Amino acid sequence: MAQVCKMDVRTEIKSPADKFFDVYRNKMHLLTKICPREFKDGKLLHGDWKSVGSVREWTYNVAGKTETCKETIEAIDDKSKTITFCMTEGEVKNYYNTFKPTVSVTAAGEGSLVKWTIEYEKKNESIPHPIKYLDFVVNKTKDIDAYLANA
């Protein structure tokens, strides 16, 4: 039986933690405009863009390949500026039984530290660890930071 694993990556940004977290908390519908290299389309399928249980469908580029997924907002903690998503359908589910990215933002000096943790369970041992998805979240983190710097 496959084991649940975790990988994480931290990125220092110039944006204040409150502003960066606000994009994920309240402005996810703008990701296709904020991060056009990564996101090609985003649709709300159930709920709203910012509540636990809401379901969205994304078309995005990862490692030079277009993929789609359905994601559910699983948990939100406004105090710790943390949101957990759960991927329920799409290419990622061809390789991983579970795939849950979590973003957490903390103030760091005049900027912030963004930590992404991906909890996943590979379908079998020949499946690679999801390093390309860590690269993806770092790229979109940098794009959001650049957007906020120019807003």
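Okay, so let's go over this structure. (Residues numbered from 1 in each chain as written. Predicted model: local features only at pLDDT ≥ 70, side-chain atom pairs only at ≥ 80, totals over all residues. Heavy atoms only, no water.)

## Let's talk about the packing of aromatic side chains
Taken as a whole and judged by the stated rule, the model has eleven aromatic pairs. Ring centres 5.7 Å apart and planes at 80° place the aromatic pair Tyr-96 and Tyr-120 in the edge-to-face group. Taken as a pair, Tyr-96 in strand β6 (residues 96–108) and Tyr-120 in strand β7 (residues 111–122) lie far apart in primary sequence, 24 residues in all. Assessed through its relative accessible area of 3%, Tyr-96 is described here as buried. The exposure class of Tyr-120 is buried, given its relative accessible area of 1%. (Phe/Tyr/Trp six-rings, centres within 6.5 Å; stacked < 30°, edge-to-face > 60°. Helix = DSSP H or I, 4+ residues; strand = E, 2+ residues; numbered from the N terminus. Buried < 20%, exposed > 50% of the residue type's maximum accessible area, 1.4 Å probe, protein only.)

## Section: the nonpolar core
Counting residues in each nonpolar core, the largest one holds 40 residues, and the members touching the most others are Tyr-24 and Ile-144. Examining the composition of this core, we find that seven residues originate from one element, helix α4 (residues 131–150), more than from any other. With sequence-adjacent residues up to four places away left out, Tyr-24 is seen in contact with Ile-83, Phe-85, Val-103, Trp-116, Lys-140 and Ile-144. (Core = buried A, V, L, I, M, F, W, Y, C linked by side-chain atoms within 4.5 Å. Contact = heavy atoms within 4.5 Å.)

## Some remarks on unusual backbone geometry
One non-glycine residue, Ala-63, adopts positive backbone phi at about 55°. Summarising the element assignment, Ala-63 is placed in the loop between β3 (55–62) and β4 (65–77). Of note, the phi angle at Lys-81 is positive, near 55°, even though the residue is not glycine. Summarising the element assignment, Lys-81 is placed in the loop between β4 and β5 (82–90).

## Quick notes on the sheet that holds β3
In any sheet, the strands associate via hydrogen bonds between backbone groups, in a parallel or an antiparallel arrangement. Spatially, the seven strands line up as an open sheet ordered β1-β7-β6-β5-β4-β3-β2, and their pairing is antiparallel. Pairing within the sheet leaves two strands with one partner each, and these edge strands are β1 (4–13) and β2 (39–46). In this sheet, adjacent strand axes meet at a mean angle of 25° when their direction is disregarded. Sheet contacts for helix α1 (residues 17–26): β1, β4, β5, β6 and β7; angle to β6, the most-contacted strand, approximately 150°. Packed onto the sheet, α4 meets β1, β2, β3, β4, β6 and β7 and runs at close to 25° relative to β1. (Pairing = 2+ DSSP bridges. Axes fitted to C-alpha atoms, helices over the stretch in contact; angles between N-to-C directions.)

## Section: α4
Structural remark: α-helix, 3.6 residues per turn; residues separated by three or four positions point the same way. The terminal C-alpha atoms of α4, which comprises 20 residues, lie 29 Å apart, in line with the 28 Å expected from a rise of 1.5 Å per residue. Within α4, burial applies to Tyr-133, Leu-134, Phe-136, Val-137, Val-138, Lys-140, Thr-141, Asp-143, Ile-144, Asp-145 and Leu-148. (Expected span 1.5 Å × (residues − 1).)

## Some remarks on the environment of Ser-126
Here Ser-126 lies in the loop between β7 and α4. With 54 residues separating them in the primary sequence, Ser-126 and Thr-72 have C-alpha atoms 27 Å apart. A distance of 2.4 Å separates a polar atom in the side chain of Ser-126 from a polar atom in the side chain of Asn-124. (Polar contact = N/O pair within 3.5 Å; in protein donor to acceptor, adjacent residues only side chain to side chain.)

## With respect to the pattern of salt bridges
Applying the stated rule across the entire model yields twelve salt bridges. Linking Asp-18 and Lys-81 is a salt bridge whose minimum nitrogen-to-oxygen distance equals 3.1 Å. Taken together, the positions of Asp-18 in helix α1 and Lys-81 in the loop between β4 and β5 put the pair 63 residues apart, joining distant regions of the chain. You can call Asp-18 exposed: its relative accessible area is 54%. (Salt bridge = Lys/Arg side-chain N within 4 Å of Asp/Glu carboxyl O.)

Worth remembering: the numbers are spatial, not functional.
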